[in-house]
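Single-letter residue listing:
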Amino acid sequence: MDIDALTGCLASSACLVTQTTSGFIIGMLLFLVAVGLTLIFGVLKVVNFSHGAFYMFGAYFAMTAYQLTGSFALAMLCGAAGTAILGLIFERGFMSRVYGADVLMQVLVCYAFVLIFDDVVRMIWGPEFKSMGMPVAFQVAPLFIAGGVVPPYYLLLISVALAAAAVLGLGLARTRIGKVIRAAAHNPGMVSALGINTGLIYGGVFALGGMLAGLAGALAAPVRSLTPGMGFSVLIESFIVTVIGGMGSILGALIGALLIGMIRSFGSLGFPLFTEGLMYLFMVIVLVSRPTGLFGKEVA
Amino acid sequence: MTRTRKPGVSRRATLAMMGAGAVTFAAPWVARAQSKTIKVGMPTILSGRVAQLGTSSRNGVTLEVEKVNAAGGLAGRQIEMVIRDSKGQPQEAARVARELVNTDGCEILIDAEASSGAFAVHEVARDLGVLCIHTNSETSSLTADPKQHIPNAFRTARQGVHDSIVGGSYAATIAKAKGLKKWATCSPDYAYGRDTTGEYVTYLKRFAPDVEIISESWPKLFQPDYTEVVTKILQAKPQALYSCLWGGDLTSYIDQANIYALFSQMEVFAVNMADYTALTVVKNLPKGIHSGNRYIKTYPATAENAAWGDAYKAKYNEYPTNWSWENATAIMLLAEASKKANSADGKKIAEALRGLKIKSPFGADGTVTMRAEDQTLVGYAIGWGTTIPQEPYVPQVQAGDWKTIFELEAEWKKSKGYT
């Protein structure tokens, strides 16, 4: 425990800027993965254990597109669009067959696909780790804001994630499709009786969830080494985020992800040997005091 | 009616004699068939994040086995490698090692595991009494601790304490010249990371007593994101940083530290940087990182080493790794020991291995020695230098002095109560 380092940081604007930005970076990447997870659970009532694989595929798709075209924008697009298509195929081909099945069956199917997807990546891209490399446009000196260090690439990453959060939130709240999705989440039987194709909604939501995880993977690709199985650790942290925020809540995923980001960022200064533990401790405290998570709703 | 036995040799006896005769005449053929090959078992990591290193271990062994077999094998017996995936899990490594001996009939084990698995395989070797050569584990206690010692286990991997002595003295020279007094460390949070960092700091402070460690970071093994670690180091404002992160963890760390311009704000000493796995994967390799040599074909700067690196590249279309040369050395030593013993028997090879000195592309003076007292490899090329982002990656390497290594290693063993 190093409380002096933590209090010293809280008293320094430079440190506050650096660590808060660091917390945002960790949090926003987590949010993109977690929000897909929570969306799929909210609408489809499926705990998608294979969700981390979409993060992995997003990173690999982006790396390949970047190697082929040299375009960073195209790499991000391929990462997001590729995983959206993959999500749709996966949902229509496999997941749709286990809706309503026992939770254990759903978990087993998802877990089988975690292993299958890892092997597919191993066969296509090889077992060794890869690095996409930072696009030339972002190979620049970091910005110094109030004495704190902020890399330009991370500003882009935070902006894209925040934009995704805003579009998603507004889309669900204000658009007709959003209302249908919310209705399907609440009462799929009624939506179906109204003549709306729920299969299409489910496939679309799964593809959207996959796309968000893929976008997170694509954004992470320039700064993280790519390896088969890389989605697993992200999945665990995303589950913590969704549990803290409340399963099915988009706002909860955003707040939960940012809290985890800040815990990691400031915890590494004050509790360097207990940063991971701090994250789990926080989750336990939330669950004990509010079992449905911070923004979760009681199930009748 | 009773049957009377006819005098002379009975039919049963005739058949028995024919059978015995057949066995007698066939015995040499059977024996030759049995002795034609000698199976060598090799548990290694062929899946997961370290799979690339496990594969490079297999490649290093295969390259040398082909040469040994072409030259007649071990005392006339062709080597047949039986290689299995341990998935990097100690319990799986032990299970696989036991199965290789008991079920597959392997007479020798090449233990190509990381440290955690190596200790598990070591116990299997202790139990079964089979000749075992540890090829990848660098944790010094594996052979330095007398409690670990068994006569049938050897090690051809470099040692953490050797690296730390050379690295510590190299860093101390730079620290004194550039006035680097405030240091930070960032290493993976497991036995290798903790032990190696501790030993490095010990020798750094021994040669440069003014040095002070002002920040320590212990990210977990295979952590995907190092942002909070990077910013923590930036906050501490050290003048120099030591890290023994390796493989994918090291490349992630470099990519993430790069965009914070960390490498321009302090001197960085990363012991595991100068290995082709990291050097060729990092797209924007910063200039001037200090690193120990792992495997690079330009150090030692000999024709033999360059030829070995090129032969490996020609066969596998990539450069070897640190684990490649360590595994290749195991086969080179086995072949020489077998020649010396004129036998492929494990016990006789073990006798011949103790103290055996062989010519080697990886030797500091063109030779390496299997030190008799603790059955570990010494005399391999060991040095430190600074990186550049293209070949030869580490243009100038300052060689470690084995006389100093031996002296300080003896002191270290004494301080640990090993002698």
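Look a little higher up for the structure.
Thresholds, definitions, all that
- All chains use their own residue numbering, which begins from 1 and follows the written sequence.
- Each chain takes a letter, starting from A, and each ligand takes a number, starting from 1, following the order in which they are written.
- At least 70 in pLDDT is required for a residue's local features to be given in this predicted model, at least 80 for side-chain atom pairs to be given and counted, and no such filter applies to totals for whole chains, interfaces and linings, which use all residues.
- Only heavy atoms go into the side-chain values, all of them from the structure, while hydrogens and water stay out.
- For helices the rule is a DSSP run of H or I covering at least 4 residues; for strands it is a run of E covering at least 2, with both sets numbered from the N terminus onward.
- Residue contacts are defined here by distance: any two heavy atoms, one from each residue, within 4.5 Å place the two residues in contact.
- Each residue is assigned to one of three classes by its accessible area relative to the maximum for its type, calculated with a 1.4 Å probe on protein chains only: buried under 20%, partly exposed between the two thresholds, exposed over 50%.
- Only strands joined by at least two bridges in the DSSP assignment are considered to pair.
- Crossover handedness is defined here as right-handed if the route from the first strand over the helix to the second strand goes clockwise, with the strands pointing away from the viewer.
- By buried area we mean the combined loss of accessible area, with a 1.4 Å probe, across both parts when two parts are placed together.
- One side-chain nitrogen of Lys or Arg within 4 Å of one carboxyl oxygen of Asp or Glu is enough to make a salt bridge.
- Any pair of N or O atoms that falls within 3.5 Å is considered a polar contact. Within protein, one atom must be able to donate a hydrogen and the other to accept it, and sequence-neighbouring residues count only if both atoms are side-chain atoms.
- Gly counts as polar in this scheme, as do all residues outside two lists: the nonpolar Ala, Val, Leu, Ile, Met, Phe, Trp, Tyr, Cys and Pro, and the charged Asp, Glu, Lys and Arg.
- Pairs of cysteine sulfur atoms within 2.5 Å are identified as disulfides in what follows.
- To pair, rings of Phe, Tyr and Trp, with the six-membered ring standing in for Trp, must have centres within 6.5 Å; the planes then decide the type, stacked if under 30 degrees apart, edge-to-face if over 60, and tilted in the middle.
- Only lysine NZ and arginine CZ atoms are considered, and such an atom sits over a ring when it is within 6 Å of the ring centre and within 35 degrees of the ring normal.

*Asks:* Tell me about the environment of Gly 148 of chain A, residues and numbers included.
*Replies:* All names here are of chain A. Along the chain, Gly 148 falls in strand 2 (residues 148-150). C-alpha of Gly 148 to C-alpha of Leu 281: the two residues are 133 residues apart in sequence and 29 Å apart in space. Beyond its immediate chain neighbours, meaning those up to four positions away, Gly 148 contacts Ala 14, Val 17, Thr 18 and Leu 143.

*Asks:* Tell me about the pairing of strand 8 (residues 240-243) of chain B, and please be specific about residues and values.
*Replies:* All names here are of chain B. The two faces of strand 8 match: Ala 240 and Tyr 242 on one face and Leu 241 and Ser 243 on the other face are all buried. One ladder, built from three bridges, connects strand 6 (residues 182-186) with strand 8; its direction is parallel. Pairing of Ala 184 across the sheet is with Leu 241, part of strand 8. Regarding topology, helix 9 (residues 247-258) serves as the crossover connection from strand 8 to the parallel strand 9 (residues 267-270), and that connection is right-handed.

*Asks:* Can you explain the interface of chain A and chain B? Please cite residues and give values.
*Replies:* Tallying the contact residues gives 34 residues for chain A and 29 residues for chain B. In total, about 2900 Å² of surface goes out of reach between chain A and chain B, with carbon and sulfur atoms giving 56% of it. For Glu 228 of chain B, the salt bridge goes to Arg 264 of chain A, with nearest N and O atoms at 3.0 Å. Across the contact surface, chain A and chain B share eight residue pairs in polar contact (both at pLDDT 80 or more). Ranked by residues supplied to the side of chain A that touches chain B, first place goes to helix 2 (residues 13-44) of chain A with seven residues. Residue composition of the side of chain A that touches chain B, by class: 17 nonpolar, eleven polar and six charged.

*Asks:* Could you give an account of the state of the cysteines, naming the residues involved and the relevant values?
*Replies:* Residue and element names in this part refer to chain B. Applying the stated criterion to the full structure yields one disulfide over all chains. Left without a disulfide partner, Cys 132 is nearest to the cysteine sulfur of Cys 106, which lies 12 Å away. We classify Cys 132 as buried; its relative accessible area is 0%. Considering cysteine sulfurs only, Cys 244 is the nearest to Cys 186, which forms no disulfide, with 8.9 Å between them.

*Asks:* Any details on the environment of Ile 259 of chain B? Residues and values, ideally.
*Replies:* Here Ile 259 of chain B lies in the loop between helix 9 and strand 9. On the basis of relative accessible area, Ile 259 of chain B is assigned to the buried category, the value being 5%. Spatially, the C-alpha atoms of Ile 259 of chain B and Ile 405 of chain B are 37 Å apart, while their sequence positions differ by 146 residues. Apart from residues lying up to four places away in sequence, Ile 259 of chain B is in contact with Met 134, Pro 142, Pro 151, Tyr 154 and Val 223 of chain A.

*Asks:* Describe in detail the packing of aromatic side chains, supporting the description with residues and values.
*Replies:* Summed over the entire model, instances satisfying the criterion amount to 40 aromatic pairs over all chains. Ring centres 4.8 Å apart and planes at 65 degrees place the aromatic pair Phe 90 of chain A and Phe 113 of chain A in the edge-to-face group. Placement of the pair is Phe 90 of chain A in helix 4 (residues 72-93) and Phe 113 of chain A in helix 5 (residues 103-125), with a sequence separation of 23 residues. Look at Trp 325 of chain B and Phe 362 of chain B: their rings are 5.4 Å apart centre to centre, the planes differ by 40 degrees, and that puts the pair in the tilted class. Placement of Trp 325 of chain B in helix 12 (residues 322-341) and of Phe 362 of chain B in the loop between strand 11 (357-359) and strand 12 (367-371) is noted, with a sequence separation of 37 residues between them. An identical accessibility class is assigned to Trp 325 of chain B and Phe 362 of chain B; each is buried. Among the aromatic residues, ring-to-ring pairing joins Tyr 276, Tyr 295, Trp 308, Tyr 312, Tyr 316, Tyr 319, Trp 325, Phe 362, Tyr 380, Tyr 393, Trp 402 and Phe 406 of chain B into one connected group. It is Arg 194 of chain B that lies over the ring of Trp 218 of chain B; its NZ or CZ is 4.0 Å from the centre.

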